[in-house]
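Structural description and commentary
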Amino acid sequence: MVQIRLQDAGATRELGAALGRLLGPGDVLILRGELGAGKTTLAQGLARGLEVKATVTSPTFTLIQEHQGRLPFYHIDVYRLEGPAAALELGLDEYFYGQGVTAVEWGERLEGLLPPEYLDVYLAYDPAGGRLATFAARGPRYHCILEELRQIAGPGG
Ligand SMILES: Nc1ncnc2c1ncn2[C@@H]1O[C@H](COP(=O)(O)OP(=O)(O)O)[C@@H](O)[C@H]1O
Ligand SMILES: [Mg+2]
């Protein structure tokens with residue numbers, strides 16, 4: 001587990017961009033945290049790190065937005081998803097097991113539909129101001145990325 005303090009929205013985007021540069025084909029990130037925690041902001045950074053030129057907005061109503069960068073970037077938000085049947089209809093496996101990078105806001109709600117391995121990203125309001133990001137590798141695939149994040153966090157992360 002790695003924790004990183006994010007002073008402001010710019011820091012969230014910067015961290016997302018640094019993480020985005022580390023990602024490869026088929027990587028999956030689950031973005032957790034309450035409304036306003038910074039999930040979409042982090043995804044905007046991921047897009048920058050993946051060299052997406054288009055503007056990344058919240059896919060809350062469209063559920064899935066596909067962007068083209070150095071890899072395809074699938075930005076998904078399942079906040080408004082109504083039940084397991086609707087989740088199945090999204091055809092998530094196409095994204096999870098494809099050659100792009102997938103980031104899912106509220107992804108923990110997908111439970112059994114999640115791939116066996118993913119990078120868990122939890123964003124929380126920091127009582128001291130800003131946000132606190134907590135990263136955990138779900139499966140050995142993400143151990144390397146977690147180590148890179150540990151370097152970014154520095155001592156105390
Ligand atoms: N580290 C941070 N410190 C303070 N505000 C932040 C930080 N990261 C993001 N924000 C702000 O929080 C608000 C909600 O962010 P957003 O990414 O839309 O959250 P979510 O997608 O989790 O609902 C935005 O105004 C964003 O600029
Ligand atoms: Mg959002």
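If you're wondering where the values come from, they're calculated on a predicted model, not measured in any experiment.

The immediate surroundings of ligand 1 are formed by 16 residues, with Thr-12, Gly-36, Lys-39, Thr-40 and Thr-41 found nearest. In this structure, Gly-36 approaches ligand 1 through a main-chain N or O atom, which is 2.7 Å from an oxygen atom. Computed on the free molecule, ligand 1 has an accessible area of 570 Å², of which 71% lies beneath the protein chains in the complex. Contributions of two or more residues to the shell around ligand 1 are made by helix H1 (9-22) and helix H2 (39-49).

What follows concerns the sheet that holds strand E6 (residues 118-125). Strand order in the open sheet made by the seven strands is E1-E7-E6-E2-E5-E4-E3, with mixed pairing throughout. The sheet is open, and its two edges are formed by strand E1 (2-6) and strand E3 (64-68), each paired on a single side. Each strand of the sheet is rotated relative to its neighbour by a mean of 20 degrees, with strand direction disregarded. Of the strand pairs in this sheet, E6 and strand E7 (residues 131-138) are connected by eight bridges, and their pairing is antiparallel. Across the sheet, residue Leu-119 finds its bridge partner in E7, namely Ala-137. Contacting E1, E6 and E7, helix H5 (residues 143-153) crosses the sheet at an angle of about 45 degrees to E1.

How each quantity is defined
Within every chain, residues take consecutive numbers counted from 1 along the sequence as written. Here every chain gets a letter starting at A, and every ligand a number starting at 1, in the order they are written. Where local features are concerned, this predicted model is filtered to residues with pLDDT of at least 70; where side-chain atom pairs are given and counted, the filter is 80 or more; whole-chain, interface and lining totals use all residues. Hydrogens and water are ignored here; the side-chain numbers use all heavy atoms of the structure. To be near a molecule or strand, a residue needs just one of its heavy atoms within 4 Å of it. Polar contacts, as used here, are pairs of N or O atoms within 3.5 Å; protein pairs need one atom able to donate a hydrogen and one able to accept it. Residues neighboring in sequence count only if both atoms are side-chain atoms. For every accessible area listed, the method is Shrake-Rupley and the probe measures 1.4 Å; residues are considered covered only by the protein chains on display. Labels follow the DSSP assignment, with helices taken as runs of H or I lasting at least four residues and strands as runs of E lasting at least two, numbered in each case from the N terminus. Two strands are said to pair when DSSP picks up at least two bridges between them. To get an axis, fit a line to the C-alpha atoms, keeping to the stretch in contact for a helix; angles then go from 0 to 180 degrees between the N-to-C directions. Contacts are assigned to residue pairs with any non-hydrogen atoms lying within 4.5 Å of each other.

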